[in-house]
Amino acid sequence: MTTSLSDGTVRVLPPATGAWREGDPVGDRHFVDLGAVTLESGETLPDVRVAYETWGRFDGSNAVLVLHALTGDSHVLGDAGLGHPTPGWWSALIGPGRVVDTDRWFVVAPNVLGGCQGTTGPASPAPDGRPWGSRFPRTTVRDQVTVEERFADAVGIDAWAAVLGGSMGGMRALEWAVMHPARVERLLLLCSPAAASADQIAWAAPQIAAIREDPGWCGGDYHDRARGEGPYVGLGVARRIAHITYRTGEELDTRFGRRPQPGEDPDGGGRFAVESYLDHHAEKLVHRFDAGSYIVLTQAMNGHDVARGRGSTGEALARITARTIVAGSVSDRLYPLHQQEELAALIPGAGEVRRIESPFGHDAFLIEARQLEKILTDLLGS
C-alpha cells in the first residue's frame, strides 16, 4: 500500500506494527519458552517467550550478557537482512578478534520483555490467539530482569562473566547486579542512571502522548489493521522527540545549521535539513518497531529506581559485588554525566566514572567504538 507525496515521490505506508511476528523470517534468532511469569504487580503473564541471539561457544564460565536500549533488539552483531531490519548495533565491538572476542566469550543478547522483536510484548499473541495489545500488563525493569534470569536458567547459564548495558540496557544491567549479585562477575553501566529523573520522565511524556493521541492507536488494539492504519504518525513524532535528546545541540548546529533540505525552501513550505534528518529517523523506526512496545518500555524506564523498596540508593548499590565500570558521555543531555558519577561513587570498588569525550550526546555509547574498546578491555582483561 502506497501514497504519493506532494513532491511526486511514492511512499510505502508503514505496517500497523513493525514488530516481528509469527511466520516472519526468523533470521539468527533462537527462542525459549518460559511458561508463566509473575510480575511485580502480582499479575501473571502466561506463555512468556524470549527471542535471543548468541555468538561464540559456551564453556561453562565465559557467558557475556549484552542488553539493548529502548529501540534496540537482540541483533547485536551481523548484517541487516532477512528477519533483521537493521545491522548489528555493536558490531564494531563484538566478534572474532574484536574487544569482546567471540573466540573467547560466549555472547548472549536477548530481546527485552515487552519488546517487539520476538520476545513476548504487546504485538505477541495472547492465549486467545489475538495480539495482547491494550491488555498487555504494565511491567518494570525488575520484571524484565526476572524474565532474563528465567531465560538464563533455561539455557543453562548459572553466572555471567560480564553483563554489559547502555541506556535502558544499563538499567537492566544494574538491576541484574543488585538482584542477583552472585550471578554477575563483571558489570559495565553505560549512559544510564540509578533512577529516572523528573526531566527524563518529562521528555517521555510527550512521546507517549503523541502515540496515544494518534487516531490509529485505537486504544492499543491496532495490530491487525491494514498498512497505513496503525499509529505510525504518533510513533514517528515520538521518535523525533527522542532523537533530539539522543544527540546534542552542538552536533545539530554543526551538521545542519539553518541550511534548507536540498531542493526545498522552508519559506515556501519546505523543510530545513535538520527536519529532514528527524523525518528520516522517524520513517526508519515506524517500519521496524511497535508503538505499544514503545509505550510499555518507556513506562518501565520511567519507573526505574534502584532504591525502590531497598532503603537509599547507597544501600541498594552496596549489594553489588561485581567488578564494575561506570561510563558516561560528557555531552549526554538525556542521562547527564552526574548520574553516572553517582553510580560510580556508590558502587563498591567502581572507582571514578569513565568519561566518553564525544559530541554525539547520549548516542556516544553506540558510536564511540575506540573509547569503548579501552573501557571494555579494562573490564574484560587481556
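Here, every reference points to the structure presented above.
Residues numbered from 1 in each chain as written. Predicted model: local features only at pLDDT ≥ 70, side-chain atom pairs only at ≥ 80, totals over all residues. Heavy atoms only, no water.

### What about the sheet that holds strand 10 (residues 354–356)?
Read across the sheet, eight strands follow the order 3-4-6-5-7-8-9-10 without closing on themselves; strand pairing throughout is mixed. Only two strands of the sheet have a single neighbouring strand rather than two, namely strand 3 (30–38) and strand 10. Direction aside, neighbouring strands of the sheet carry axes that sit 25° apart on average. Bridge count for strand 8 (residues 186–190) against strand 9 (residues 323–329) is five bridges, and the pairing is parallel. Bridge pairing in strand 9 links Leu 188 to Ile 325. Its contacts with the sheet place helix 9 (residues 337–346) against strand 8, strand 9 and strand 10, and it is angled at close to 165° to strand 9. (Pairing = 2+ DSSP bridges. Helix = DSSP H or I, 4+ residues; strand = E, 2+ residues; numbered from the N terminus. Axes fitted to C-alpha atoms, helices over the stretch in contact; angles between N-to-C directions. Contact = heavy atoms within 4.5 Å.)

### Describing the packing of helix 1 (residues 141–155) against helix 2 (residues 168–179)
Between helix 1 and helix 2, the shortest axis-to-axis distance is 9 Å and the interhelical angle comes to 70°. Taken together, the axis directions place helix 1 and helix 2 in an arrangement best described as roughly perpendicular. Pair helix 1 / helix 2 crosses with right-handed handedness. Residue-level inspection shows Val 141, Arg 142, Gln 144, Val 145, Thr 146, Glu 148, Glu 149 and Ala 152 of helix 1 in contact with helix 2, the latter providing Met 171, Arg 172, Glu 175, Trp 176 and Met 179. (Parallel < 35°, antiparallel > 145°, perpendicular 65-115°, else oblique. Left-handed = near helix turned anticlockwise from the far one by under 90°.)

### Examining the pattern of salt bridges
Enumeration according to the criterion identifies 22 salt bridges in this entry. Residues joined in a network through salt bridges with shared partners are Arg 240, Glu 264, Arg 271 and Asp 279. (Salt bridge = Lys/Arg side-chain N within 4 Å of Asp/Glu carboxyl O.)

### A short note on the environment of Trp 89
The residue Trp 89 is located in the loop between strand 5 (63–67) and strand 6 (106–110) in this model. Once the C-alpha coordinates of Trp 89 and Gly 78 are considered, the two residues, 11 residues apart in sequence, prove to be 8.6 Å apart. Non-local contacts of Trp 89, meaning those with residues more than four positions away in its chain, are made with Val 66, Leu 67, His 68, Asp 73, His 75, Val 76 and Leu 366.

### Some words on the packing of aromatic side chains
Evaluation of the coordinates by the stated rule reveals nine aromatic pairs. On the numbers, 5.3 Å between centres and 35° between planes, the contact of Trp 20 with Phe 31 is tilted. In this pair, Trp 20 sits in the loop between strand 2 (10–12) and strand 3 while Phe 31 sits in strand 3, placing the two residues 11 residues apart along the sequence. On the accessibility criterion, Phe 31 (27% relative accessible area) is partly exposed. Note on Phe 58 and Phe 106: the rings are 5.5 Å apart at their centroids and 35° apart in plane angle, and the pair reads as tilted. One end of the pair, Phe 58, is in the loop between strand 4 (44–55) and strand 5; the other, Phe 106, is in strand 6, with 48 residues separating them in the sequence. For Phe 106, a relative accessible area of 13% translates into the label buried. Above the plane of the ring of Phe 31 lies Arg 49, whose end atom (NZ or CZ) is 5.0 Å from the centre. (Phe/Tyr/Trp six-rings, centres within 6.5 Å; stacked < 30°, edge-to-face > 60°. Buried < 20%, exposed > 50% of the residue type's maximum accessible area, 1.4 Å probe, protein only. Lys NZ or Arg CZ within 6 Å of the ring centre and 35° of its normal.)

### As for the layout of surface pockets
For the largest pocket, the calculated volume is near 870 Å³. Taken together, 38 residues line the largest pocket, and the ones lying closest to its centre are Thr 71, Arg 239, Tyr 246, Arg 288 and Leu 366. If you list the elements that add at least two residues to the lining of the largest pocket, you get helix 3 (198–213), helix 4 (232–246), helix 6 (273–286), helix 7 (291–302) and helix 10 (364–367). For the lining of the largest pocket, the element with the highest residue contribution is helix 4, accounting for five residues. For the lining of the largest pocket, the per-class residue count stands at 18 nonpolar, 14 polar and six charged. (1 Å grid on protein atoms, 1.4 Å probe; cavity = no way out; pocket = protein on both sides within 12 Å on 5 of 7 lines; lining within 4 Å. Points joined across faces, edges and corners; volume = space filled by probe spheres on them. Nonpolar A, V, L, I, M, F, W, Y, C, P; charged D, E, K, R; others polar.)

### Focus on unusual backbone geometry
One non-glycine residue with positive phi stands out, namely Ser 167, at about 60°. Looking at the element boundaries, Ser 167 is found in the loop between strand 7 (162–166) and helix 2.

None of this, on its own, says anything about what the molecule does.
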